[in-house]
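# Fold and contact review
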Amino acid sequence: MSTENLPQSPEQPSRKPRVAVVFGGRSSEHGISVVTAGAVLRAIDRTKYDVLPIGITRDGRWALTADEPERMAISDRRTPTVEELAESQEGGVVLPVDPANREVVYSEPGSVPKALGEVDVVFPVLHGPYGEDGTLQGLLELSGVPYVGSGVLASAVGQDKEYMKRVFTSFGLRVGPYLVIRPREWQLDESAARKKIIDFAGEHGWPLFVKPARAGSSIGITKVDDLAGLDEAIAEAQSHDPKILVEAALRGREIECGVLEFEDGPRASVPAEIPPPETHAYYDFEAKYIDSTPGIVPAPLTQEETAEVRRLAVDAFEAASCEGLVRADFFLTEDGHFVINEINTLPGFTPISMYPAMWQASGIAYPELVDRLIQAALRRPTGLR
């Protein structure tokens, strides 16, 4: 029988890609991650994407949260938490571990698990350990789910400041003097470990910066002006990470540059300058996020300096095998050299963060920046590449 004249079923419209925005996490940067997530949720084009907000509590539970970015802002000088946003204090979200199945499931004690639908791409806005350091990226690789940002290796290198500096040095990038104290050194002979730091200060002078080796957002960092403040600084850094990094102070200007992966490769934004904050000893967490010390965009550099720092930012991106995005932080020293301080593979995306501000000044507004990152992740396969 011919079906030529039978009524045809209308074609089902293809569904919009579904983006899971994952935020919060177990690190000391939990609150800033929530703030970043609020900004990303506000920026995602809802006519183009479906969105699933997933928060990770400070004890590691994956929670379904309300899609209410207005609640994800700093208020009364405190950052929000996933616990405040979770729809349930017991329910949990489970990502698939089968690459053939991208369906996310939500379950609560005593209830039948509920399918939340498939996820096409994850936009992780986690900062610090257990999210930015390759751990989440490894989970997503096992699940076969595309995600925004760098892969396992680059994320791990970008999180560990010691190995980041080792990679940069091997690629010919200039880094400042530094010293690493591993937890075993401290446990075996605390006096010898402290003497290493004192000898380092004798060689490079005070002040020193003592910081956690694997943390960000300037959390746990202390500027140490003399021997009297050293023990307190070490304790503060170790409260965030048992491995600590000691850096010599570099005299110069703080310059940042954003890198974004386009279809034809990574490109650098116009750079920004971080001026010395008036009410803080350096550009610490309070200066960045609470008192919102403004950066200068674009940085007042010569054409030659601008071209050089943009080239170096892309070189750093490539040296660490990064993908998607990076913020590269430099010092322009008094003798005219750029020294790379660090990269951030998942930089802050808060409304006052420097990464989106630099791209705004480069002609890419915040919503377009978010869209480009999602599209790049959807183009990129998981697995070895």
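Residues numbered from 1 in each chain as written. Predicted model: local features only at pLDDT ≥ 70, side-chain atom pairs only at ≥ 80, totals over all residues. Heavy atoms only, no water.

## Regarding the nonpolar core
This is how it is decided: By convention a nonpolar core is built from buried Ala, Val, Leu, Ile, Met, Phe, Trp, Tyr and Cys residues, the set being connected through side-chain atoms within 4.5 Å. Accessible area is worked out with a 1.4 Å probe on protein chains only. A residue is then buried under 20% of its type maximum, exposed over 50%, and partly exposed in between. In this analysis, two residues are considered to be in contact whenever any of their non-hydrogen atoms come within 4.5 Å of each other.
Of all hydrophobic cores here, the largest spans 35 residues; its most connected members are V21, F23, V40, I44, F123, F349 and V370. Leave out the neighbours within four places in its chain, and V40 touches V21, F123, V125, F349, Y366 and V370. Counting residues in each nonpolar core, the second largest holds 28 residues, with M164, F168, I340 and I343 among its members.

## Looking at helix α12 (residues 366-379)
Using the following cut-off: Helix numbering and strand numbering both begin at the N terminus, where a helix is a DSSP run of H or I of at least 4 residues and a strand a DSSP run of E of at least 2. By this rule the span expected of a helix is its residue count minus one, scaled by 1.5 Å.
With 14 residues, α12 extends 20 Å between its outermost C-alpha atoms, agreeing within 8% with the 20 Å of an ideal straight helix rising 1.5 Å per residue. Every buried residue belonging to α12 is among Y366, L369, V370, D371, L373, I374, A376 and A377, and all of these are buried. In this structure, the buried side of α12 is in contact with β1 (18-24), α1 (30-43), β7 (121-124), β12 (252-262), β15 (325-333) and α11 (354-361).

## Quick notes on the confidence of the model for the chain
This is how it is decided: A score from 0 to 100, pLDDT tells how confident the predictor is in each residue.
With 92% of its residues at a pLDDT of 70 or more, the chain has an overall mean of 90. Scored below 50 in pLDDT, residues 1-12 shows 2 contacts in the model against residues more than four places distant or in partner chains.

## Side note on the layout of surface pockets
Basically, it comes down to this: The method works on a 1 Å grid over the protein atoms by themselves. A cavity is a set of points holding a 1.4 Å probe that cannot get out, a pocket is an open set with protein on both sides within 12 Å along at least five of seven lines, and residues with an atom within 4 Å of a point line them. Grid points are joined across faces, edges and corners, and a volume is the space filled by probe spheres set on the points. Charged means Asp, Glu, Lys or Arg here, nonpolar means Ala, Val, Leu, Ile, Met, Phe, Trp, Tyr, Cys or Pro, and polar covers whatever is left, Gly included.
Empty space within the second largest pocket amounts to approximately 180 Å³. Looking at the lining of the second largest pocket, the element that brings in the most residues is helix α4 (residues 152-159), giving 3 residues. Here the residues of the lining of the second largest pocket are counted per class, giving 4 nonpolar, 2 polar and 4 charged.

## Brief notes about the pattern of salt bridges
The following threshold applies: Counted as salt bridges are all cases of a side-chain nitrogen of Lys or Arg within 4 Å of a carboxyl oxygen of Asp or Glu.
This structure, assessed with the given rule, holds 32 salt bridges. The salt bridge involving R182 is made with E162; its shortest N-O contact spans 2.4 Å. Placement of the pair is R182 in the loop between β8 (178-181) and α6 (183-188) and E162 in helix α5 (residues 161-170), with a sequence separation of 20 residues. Take E162: its relative accessible area is 0%, and that puts it in the buried class.

## Re unusual backbone geometry
The omega torsion across W206 and P207 is 0 degrees, close enough to zero to call that bond cis. Assignment of secondary structure puts P207 in the loop between α7 (190-204) and β9 (208-212). In this model, V297 is joined to P298 through a cis peptide bond whose omega is -5 degrees. Mapped onto the secondary structure, P298 falls in the loop between α9 (285-290) and α10 (303-319). Positive phi values are uncommon outside glycine, yet S321 reaches one of about 60 degrees. A relative accessible area of 44% places S321 in the partly exposed class.

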